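Observations on the model geometry
Okay, here's what each chain looks like letter by letter:
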Amino acid sequence: QVQLVESGGGLVQAGDSLRLSCAASGRTFSMYAMGWFRQAPGKEREFVAAISGSGGRIYYADSVKGRFTISRDNAKNTVYLHMNSLKPEDTAVYYCAADKNSPAASASAIRYDYWGQGTQVTVSS
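Calculation criteria
- Residues numbered from 1 in each chain as written.
- Predicted model: local features only at pLDDT ≥ 70, side-chain atom pairs only at ≥ 80, totals over all residues.
- Heavy atoms only, no water.
- Core = buried A, V, L, I, M, F, W, Y, C linked by side-chain atoms within 4.5 Å.
- Buried < 20%, exposed > 50% of the residue type's maximum accessible area, 1.4 Å probe, protein only.
- Contact = heavy atoms within 4.5 Å.
- Helix = DSSP H or I, 4+ residues; strand = E, 2+ residues; numbered from the N terminus.
- Polar contact = N/O pair within 3.5 Å; in protein donor to acceptor, adjacent residues only side chain to side chain.
- Pairing = 2+ DSSP bridges.
- Axes fitted to C-alpha atoms, helices over the stretch in contact; angles between N-to-C directions.
- Disulfide = S-S within 2.5 Å.
- Salt bridge = Lys/Arg side-chain N within 4 Å of Asp/Glu carboxyl O.

All right, on to the nonpolar core then. In this structure, Leu 4, Met 34, Trp 36, Leu 81, Met 83 and Tyr 94 are the most contacted members of the largest nonpolar core, which totals 36 residues. Ignoring anything within four residues of it in the chain, the contact list for Met 34 reads Leu 4, Cys 22, Phe 29, Ala 49, Ala 50, Ile 51, Ile 70, Arg 72, Val 79, Ala 97, Ala 98 and Tyr 112.

Shown next, in the form of structure tokens:
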């Protein structure tokens, strides 16, 4: 069982930055691919970014490429999402997810076995 706890969300203005953190339980964190997804009101959950267990392979959604950066610190069992140049359309609940079966990063939500409770990000115009 892997427990994921997100933090760092909040209310910001357009153009501001935020850093989300996701702390994971377990001793084999470096073996898990990690992903960030988001869900806006009335919309389906969508992929944001993913990182392989070693951190060597990273994927981004086109909508965040160049503005968001995913990273991980395996010594701290934590994955981060640095969000710059935030836009109102980035407003959503952000979830981190873990794929305990593979260290290979994936943009597919069905690959992920464990999910955090989510953290709200609201960007005002």
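Don't stop here, the text continues.
Bringing the side chain of Ser 106 into the picture now. Relative to the elements of secondary structure, Ser 106 occurs in the loop between strand S9 (92–99) and strand S10 (114–115). Reaching out from Ser 106, the side chain makes a polar contact with the backbone nitrogen of Ser 108 at a distance of 3.0 Å.

Turning our attention to the sheet that holds strand S7 (residues 68–73). The four strands are arranged S1-S3-S8-S7 in an open sheet whose pairing can be described as antiparallel. Of all the strands in the sheet, just strand S1 (4–7) and S7 have a single pairing partner and so form its edges. Between one strand axis and the next, the sheet turns through 15° on average, direction left out of account. With four bridges joining them, S1 and strand S3 (residues 18–24) adopt antiparallel strand pairing. For Glu 6, the partnering residue across the bridge sits in S3 and is Cys 22.

Of all six residues in strand S8 (residues 78–83), five are buried; the element is thus mostly enclosed. Pairing geometry for S3 and S8, over six bridges, is antiparallel. Its bridge partner lying in S8, Ser 21 is registered against Tyr 80. Bridge analysis of S7 against S8 gives six bridges, and the strand direction is antiparallel. When the sheet's bridge partners are listed, Asp 73 is paired in S8 with Thr 78. Counting the residues in the hairpin turn of S7 and S8 gives four residues, including Asn 77, whose phi is positive at 55°.

For the rest of this paragraph, the subject is the state of the cysteines. One pass over the structure, following the stated rule, counts one disulfide. The disulfide that involves Cys 22 links it to Cys 96, with 1.9 Å between the sulfurs. Handedness here is read from the sign of the S-S torsion; for Cys 22 and Cys 96, about 45°, the answer is right-handed. On the criterion of sequence distance, the pair formed by Cys 22 in strand S3 and Cys 96 in strand S9 is long-range, its members being 74 residues apart. The exposure class of Cys 22 is buried, given its relative accessible area of 0%. Taking the relative accessible area as the measure of exposure, Cys 96 reaches 0% and is therefore buried.

What follows concerns the pattern of salt bridges. One pass over the full model with this rule turns up five salt bridges. The partner of Arg 67 in a salt bridge is Asp 90, and the shortest N-O contact between them spans 2.7 Å. Of this pair, Arg 67 sits in the loop between strand S6 (58–60) and S7 while Asp 90 sits in the loop between S8 and S9; the two residues are 23 residues apart in sequence, bridging distant segments of the chain. Comparing Arg 67 with Asp 90, the two get one shared label, buried. As a salt-bridge pair, Asp 99 and Arg 111 come within 3.1 Å of each other at their nearest N and O atoms. You can see Asp 99 sitting in strand S9 and its partner Arg 111 sitting in the loop between S9 and S10, a full twelve residues away along the chain.

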